[in-house]
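So the chains spell out like this:
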Amino acid sequence: MGCVTLVVLGMGACGVMGLSTSRSLIQFRRFEQTTPGTPLTRVVDEAGTLGFRPREAGAEGPDDAGLMTLELVKQNWPPVGPWHLRVKHADGGVASVTTWIPD
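Now for a quick tour of the structure. (Residues numbered from 1 in each chain as written. Predicted model: local features only at pLDDT ≥ 70, side-chain atom pairs only at ≥ 80, totals over all residues. Heavy atoms only, no water.)

## So, the overall build of the protein
- Scanning the protein for helices and strands turns up two helices and four strands.
- Helices and strands appear in the protein in the N-to-C order α-α-β-β-β-β.
- When each of the 103 residues of the protein is scored for burial, the buried share is 27%.
- Nonlocal contacts in the protein, meaning residues at least 24 apart in sequence, comprise 39% of its contacts between residues at least 6 apart.
- If you sum the accessible surface of the protein, you get close to 7,000 Å²; carbon and sulfur atoms cover 63% of it. (Helix = DSSP H or I, 4+ residues; strand = E, 2+ residues; numbered from the N terminus. Buried < 20%, exposed > 50% of the residue type's maximum accessible area, 1.4 Å probe, protein only. Contact = heavy atoms within 4.5 Å. Areas by Shrake-Rupley, 256 points an atom, 1.4 Å probe, with all protein chains shown as cover.)

## Thoughts on the pattern of salt bridges
- Per the counting criterion, the structure on display carries four salt bridges.
- Glu-46 is the partner of Arg-30 in a salt bridge, and the nearest nitrogen-oxygen pair spans 3.5 Å. Residue Arg-30 is located in helix α1 (residues 2–30), and its partner Glu-46 is located in helix α2 (residues 40–49); the two are separated by 16 residues in the primary sequence.
- Take Glu-46: its relative accessible area is 28%, and that puts it in the partly exposed class.
- Here Glu-46 makes a salt bridge to Arg-42, at a shortest N to O gap of 3.3 Å. Placement of both Glu-46 and Arg-42 in helix α2 is noted, with a separation of four residues, approximately one turn of the helix.
- Bridged by salt links that share partners, the residues Arg-30, Arg-42 and Glu-46 form one connected network. (Salt bridge = Lys/Arg side-chain N within 4 Å of Asp/Glu carboxyl O.)

Encoded structure:
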């Protein structure tokens, strides 16, 4: 009886973690729909609420178009791995957000 209980609890925990990860993935991908001109602080605050942190030395200088790049990373438990947001911005406004999950 104790073994069955452990198996059922393990399966339930795995299911809850799977649903939580799926929900987080949907929120993560939502950043790609960020409207250009959205304040950078708003995007960074929303990402911080979801567990994203600025990558050390993640800010790059301006590219040819004058846009700066800020990379935010969320570390997930294995086997999921880290998720990255690359935020192109200028003058406090977001130009685009790209999501990236390393292989």
